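What follows is each chain in one-letter form.
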Amino acid sequence: MLESTNLSKSFGKMKALDGISVRMNAGQAISLVGPNGSGKTTFIKCLLGLVIPDGGDVTLNGKHILGHWDYRQHIGYMPQIGRYPDNMRVGQLFDMVREIRRGTFSRVDEDLMRAFEVEKFAHKTMRTLSGGTRQKVSACLAFLFDPDVLILDEPTAGLDPLASEILKEKVLAEKTKGKLVLVTSHILSDLEELTTDVMYIIEGKIQFYQPIEDLKARTGEDKLNRALAHIMKQNAAA
Amino acid sequence: MRTTGTVLPVQNISHKGAKNAKKNLRFAFFAPLRDQFPMLRIVKYVLYDILQNRIVVGYTLFLLAVSLGLFNLSADPTKGLVSLLNIALIVTPLVSIVFATIHFYNSYEFIELLAAQPIRRSVIVWSEFLGLASALTLAVLVGIGIPIAAYAPNATGLSLLAATVGLTIVFVSIALLASVATRDKAKGIGVALLLWFWLALLYDSLVLFLMFALADYPLEKAMLAFVSLNPIDLARVVVLLQMDISALMGYTGALFREFLGTNWGIAFAAAVLLLWAILPMLWAVRIFRKKDL
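Treat the numbers as computed from the prediction; the structure is a model and nothing was measured.

## Let's talk about the overall build of chain A
A count of helical and extended segments in chain A gives eight helices and eleven strands. By the compact-globule yardstick of 18 Å for 238 residues, chain A fits well, its C-alpha radius of gyration being 18 Å. By its C-alpha atoms, chain A is 55 × 40 × 35 Å across when sized along the principal axes. By the burial criterion, 43% of the 238 residues in chain A qualify as buried. By sequence separation, contacts in chain A at least 24 residues apart represent 71% of the contacts at least 6 residues apart.

## Quick word on the overall build of chain B
Helix and strand counts for chain B come out as twelve helices and one strand. Secondary structure of chain B in N-to-C order comes out as β-α-α-α-α-α-α-α-α-α-α-α-α. Relative to its 293 residues, chain B shows a buried fraction of 40%. Sequence-distant contacts, at least 24 apart, represent 79% of the contacts inside chain B between residues at least 6 apart.

## With respect to the pairing of strand E2 (residues 14-24) of chain A
Residue and element names in this part refer to chain A. Where strand E1 (residues 2-11) and E2 come together, eight bridges link them in antiparallel fashion. Bridged to serine 10 within E2 is lysine 15. Taken together, E1 and the strand that follows it, E2, pair antiparallel across an intervening segment of two residues, in which glycine 12 is found at a positive phi of about 65 degrees.

## Remarks on helix H8 (residues 224-237) of chain A
All names here are of chain A. For H8, spanning 14 residues, the distance from its first C-alpha to its last is 20 Å, which sits close to the expected 20 Å at 1.5 Å a residue. Those residues of H8 that fall on the buried side of the exposure criterion are Leu224, Ala227 and Leu228. For H8, the buried positions fall inside an angular range of 95 degrees around the axis, keeping them on one side. Exposed and oriented more than 90 degrees from the buried face of H8 are Lys233, Ala236 and Ala237. Turning to H8, the residues buried within the fold contact strand E3 (29-33), helix H6 (188-194) and helix H7 (212-219).

## Concerning the sheet that holds strand E10 (residues 197-202) of chain A
All names here are of chain A. Strand order in this open sheet of six strands is E6-E8-E9-E3-E10-E11, and the pairing throughout is mixed. Two strands lie at the open edges of the sheet, namely strand E6 (75-78) and strand E11 (205-211), each paired on one side alone. Ignoring strand direction, the axes of neighbouring strands in this sheet form an average angle of 15 degrees. Sheet contacts for helix H1 (residues 40-48): E3, E6, strand E8 (149-153), strand E9 (180-184) and E10; angle to E8, the most-contacted strand, approximately 150 degrees.

## Some remarks on the nonpolar core
Counting residues in hydrophobic clusters, the biggest one holds 146 residues, and the most contacted among them are Ile151 and Leu182 of chain A together with Val172 and Leu176 of chain B. Setting aside anything within four residues of it in sequence, one finds valine 172 of chain B in contact with Ser96, Ala100, Phe129, Leu132, Ala133 and Leu136 of chain B.

## Observations concerning the environment of arginine 120 of chain B
Here arginine 120 of chain B is to be found in the loop between helix H5 (108-115) and helix H6 (121-151). Given 19 C-beta atoms within 10 Å, arginine 120 of chain B falls into the partly exposed group.

## Thoughts on the interface of chain B and chain A
Many analyses report the size of an interface as the accessible area lost when the parts associate. At the interface, 28 residues of chain B touch 27 residues of chain A. Of all the elements in the fold, those that place two or more residues in the side of chain B that touches chain A are strand E1 (8-9), helix H1 (13-27), helix H2 (31-52) and H5 of chain B. Here the element with the most residues in the side of chain B that touches chain A is H2 of chain B; it accounts for six residues. Considering only residue class, the side of chain B that touches chain A consists of 15 nonpolar, four polar and nine charged.

## Brief notes about the packing of H7 of chain A against H8 of chain A
Residue and element names in this part refer to chain A. Contact pair H7 / H8: the axes reach a minimum separation of 9 Å and the direction vectors enclose 55 degrees. When the axis of H7 is compared with that of H8, the two are oblique. Read as a crossing pair, H7 and H8 show a hand that is left-handed. Packed against H7, whose contacting residues are Ile212, Leu215, Lys216 and Thr219, the element H8 presents Leu224, Ala227, His230 and Ile231 at the interface.

## Topic: the sheet that holds E2 of chain A
Residue and element names in this part refer to chain A. Spatial ordering of the open sheet is given by E2-E1-E4-E5, a layout of four strands whose pairing is antiparallel. Here the strands that pair on one side only, and so sit at the sheet edges, are E2 and strand E5 (63-64). When E1 meets strand E4 (residues 55-60), the two strands line up antiparallel, connected through five bridges. Of the residues in E4, the one forming a bridge with leucine 2 is leucine 60. Taken strand by strand, H1 contacts E1, E2 and E4, and its axis lies near 60 degrees from that of E2.

## Description of the environment of alanine 29 of chain A
Residues and elements named next belong to chain A. Structurally, alanine 29 can be placed in strand E3. Among the residues examined, alanine 29 registers 24 C-beta atoms within 10 Å and is labelled buried. Here the alpha-carbon distance between alanine 29 and lysine 40, two residues eleven residues apart in the chain, equals 15 Å. What alanine 29 contacts, discounting residues up to four positions off in sequence, is Lys175, Val181, Val183, Leu194, Thr195 and Thr196.

## Points about helix H5 (residues 161-176) of chain A
All names here are of chain A. Its 16 residues give H5 an end-to-end C-alpha distance of 23 Å, which sits within 8% of 22 Å, the value for a rise of 1.5 Å per residue. Looking only at H5, the buried set comprises Leu167, Lys170, Val171, Glu174 and Lys175. For H5, the angular spread of buried residues about the axis comes to 140 degrees, placing them on one side. Opposite its buried face, H5 presents the exposed residues Pro161, Leu162 and Thr176, each directed more than 90 degrees away. Looking one or two residues past H5, glycine 178 carries a phi angle of roughly 95 degrees, positive in sign.

The rules behind the values
- Residues numbered from 1 in each chain as written.
- Chains lettered and ligands numbered in written order.
- Predicted model: local features only at pLDDT ≥ 70, side-chain atom pairs only at ≥ 80, totals over all residues.
- Helix = DSSP H or I, 4+ residues; strand = E, 2+ residues; numbered from the N terminus.
- Rg over C-alpha atoms; globule rule 2.2 N^0.38 Å.
- Buried ≥ 20, exposed ≤ 12 C-beta atoms within 10 Å, placed from the backbone.
- Contact = placed C-beta atoms within 7 Å.
- Pairing = 2+ DSSP bridges.
- Expected span 1.5 Å × (residues − 1).
- Arc of directions from axis to C-beta.
- Axes fitted to C-alpha atoms, helices over the stretch in contact; angles between N-to-C directions.
- Core = buried A, V, L, I, M, F, W, Y, C linked by C-beta atoms within 7 Å.
- Nonpolar A, V, L, I, M, F, W, Y, C, P; charged D, E, K, R; others polar.
- Parallel < 35°, antiparallel > 145°, perpendicular 65-115°, else oblique.
- Left-handed = near helix turned anticlockwise from the far one by under 90°.

Following this line, the structure appears as structure tokens:
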């Protein structure tokens, strides 16, 4: 469904992505894991067209996306830090995004908006919102247009436990509907609950990409965090 | 099969295909036009954001106060116009370029949000441009246009107003180029200020210096070229020619009169200003399409 071939990107001398080739299919939920600065966010931003790669290619359902824009109607993106126009009210923000995407979606999914009770703070300006509330807004926007691909960058960071549970349930529900979900997080227990596969990126390269079950079997551990720790230790030793 | 429990269908799905096919057929010949429609939706929000900003209101009131003050200083509205010309040609480019640059950097979040939506990058930059240019043009129309309409409703007044509006648009365009080309806000504002400084002040000094240094040579035609290369100079000369004081400008003035004083000359000046507005924007769009956000 979503495929990248030999994707690379440098910022100055630093290689953020160094030849990433992966194939991600509908119905998969993929954890994107790696140390800070390993290229996870750059990879996501390349998929979204926010960062223009130096080389390589990305296709969605067989269509090239580099230089195109309309494919973004199939993607819901929740950024790591949701930054929005300060003076805009929450309600206006939703109106604006709906207006911009008018004609590109066939249904709206307001489950999260209801669950997070967005109408209660719809009149507030974005500037006055707490970090967690902004995260709720970002999450609602990502799911609003019922997209086929969901890209969630640190979705539960900053959310209170209740909101975090609501969001996780929503992600699971979408996964079972056959969507592709891509999640980055440093909270491995969340990832273990949500995802089926794990992709480990380090220094802009994919170290491994396999089903979580296989990873656990390979390392002989029964928890994702232990399995990852096992691999990191091996790397350090090598 | 997706569960539809709490998912609201926006329109009747069964009719959607037919509806879209019809729509596509109807718009097939106007595809470029249809693609630009999202722009107007976005311009609305850009304008909304700018008009919430008190700086534009302050700028309008400032222009209004200066214009009314100058017209009331002397009984002769032409004198008022000359003073206004000198101020308008310095102040409006400066305010336009600085405000547009700062606004672009302050809208970074907004731009980032838009860039993740299914719209073209070029639509984002053009929307910013249209929003900024129309807000600042509105300020000029109110702040300078109303006093001119009241005190000097003639060709000279009109040409001054048109020149100021033209410069406003040109400097918004240059500002967007400067902001798109530099990542850092302070650097961007610095570049914008330098460009203004160059076009408003330094350029004239250099041309004057050249004129004196090469006084023995016939430089009239070269002067015409020099003037055309700088939007502020061009605007100034065109307005001055409307004022019947070009006799003070010697041979060069006579040549200007012969060329720029005619309708063709005015059309030429308008075309050059248009180029000054469009070319930096095209360049900005080119850069922005490849920019990492």
